Amino acid sequence: MLKNKGELVRFMFVGGINTANYYFFYLILFQIAGLNYLFSHWIAFLISMVLSFYLNVYFTYRVKPTLRKFLQFPITQVVNISISSAFIYIFVEYLHLNGYIAPILSVVFTIPVTFILTGKILKRGQDSS
């Protein structure tokens, strides 16, 4: 159980880095390039997903990266992007929140689910010590 607590702390740290990376690209696409907020969200999400994979295998879960895990990692992110997209849409369209704030608020709802799914994919086949 203590190992999972350490993983959760590292996951949240990596999540902070990844969120900053995502938000940087989101702002460039949304504010500077003038793209739609949902389109900006998806593109920034895809860019940050690659960084997230490597940070999670090397730092969070401390497992060996493989091509198979790299190819499976986006599957776990489908749930993340579905949840975050739904909340961003609800926040902007129904709650009339700012398109700059909505992506940050959606993170609160994605962390627990993404932590569990990411761990299952990245630790699959590893010895549990």
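- Taking an unreviewed UniProt entry as the reference, the chain is identified by name as GtrA family protein belonging to Falsibacillus albus.
- Looking at the chain in UniProt, the text filed under Subcellular location (unreviewed entry) is "Membrane".
- Its UniProt record gives the chain the following Sequence similarities (unreviewed entry) comment, quoted word for word: "Belongs to the GtrA family."

### A few points about the packing of helix 3 (residues 67–94) against helix 4 (residues 102–122)
Part 1 of the argument: One can describe the packing of helix 3 onto helix 4 by two numbers: an axis separation of 9 Å at closest approach and a directional angle of 155°. Put simply, helix 3 runs roughly antiparallel to helix 4. Crossing of helix 3 over helix 4 shows right-handed handedness.

### Some remarks on the UniProt feature "domain: GtrA/DPMS transmembrane" (unreviewed entry) in the chain
Part 1 of the argument: Cross-referencing UniProt, the feature "domain: GtrA/DPMS transmembrane" (unreviewed entry) maps to residues 10–118 in the present numbering.
Part 2 of the argument: Segment residues 10–118 splits into 84% helix and 0% strand. End C-alpha atoms: 13 Å apart.

### Notes on the packing of helix 2 (residues 37–60) against helix 3
Part 1 of the argument: In contact at an axis separation of 10 Å, helix 2 and helix 3 are set at 145° when each is read in the N-to-C sense. When the axes of helix 2 and helix 3 are compared, the crossing they make is right-handed.
Part 2 of the argument: Partitioning the contact of helix 2 with helix 3 into residue classes produces 15 nonpolar, 7 polar and 2 charged.

### Considerations on the domain arrangement of the chain
Part 1 of the argument: With domains assigned, the chain is organised as domain 1 (5–61) and domain 2 (67–124).
Part 2 of the argument: The centre of domain 1, based on its C-alpha atoms, is set 10 Å off from the matching centre of domain 2.
Part 3 of the argument: Across the boundary between the two partners, domain 1 contributes 24 residues, which contact 26 residues of domain 2.
Part 4 of the argument: Summing the contributions of domain 1 and of domain 2, the shared interface buries around 2,200 Å²; its carbon and sulfur component is 80%.
Part 5 of the argument: On the domain 1 side of the interface with domain 2, the three residues burying the most area are Tyr 37, Phe 53 and Tyr 61, jointly 26% of the side's total.
Part 6 of the argument: If you look at where domain 1 meets domain 2, you find 1 salt bridge.
Part 7 of the argument: For the salt bridge of Glu 7 with Lys 123, the shortest nitrogen-to-oxygen distance reads 3.0 Å.
Part 8 of the argument: Connecting domain 1 to domain 2 are 9 residue pairs in polar contact (both at pLDDT 80 or more).
Part 9 of the argument: Broken down by secondary-structure element, the contributors of at least two residues to the side of domain 1 that touches domain 2 are helix 1 (2–32) and helix 2.
Part 10 of the argument: No other element matches the 12 residues that helix 2 contributes to the side of domain 1 that touches domain 2.

Calculation notes
- Residues numbered from 1 in each chain as written.
- Predicted model: local features only at pLDDT ≥ 70, side-chain atom pairs only at ≥ 80, totals over all residues.
- Heavy atoms only, no water.
- UniProt positions renumbered as here; feature names shortened; annotations may be inferred.
- Axes fitted to C-alpha atoms, helices over the stretch in contact; angles between N-to-C directions.
- Helix = DSSP H or I, 4+ residues; strand = E, 2+ residues; numbered from the N terminus.
- Parallel < 35°, antiparallel > 145°, perpendicular 65-115°, else oblique.
- Left-handed = near helix turned anticlockwise from the far one by under 90°.
- Nonpolar A, V, L, I, M, F, W, Y, C, P; charged D, E, K, R; others polar.
- Domains from an automatic or database assignment.
- Contact = heavy atoms within 4.5 Å.
- Buried area = accessible area lost by both parts, 1.4 Å probe.
- Salt bridge = Lys/Arg side-chain N within 4 Å of Asp/Glu carboxyl O.
- Polar contact = N/O pair within 3.5 Å; in protein donor to acceptor, adjacent residues only side chain to side chain.

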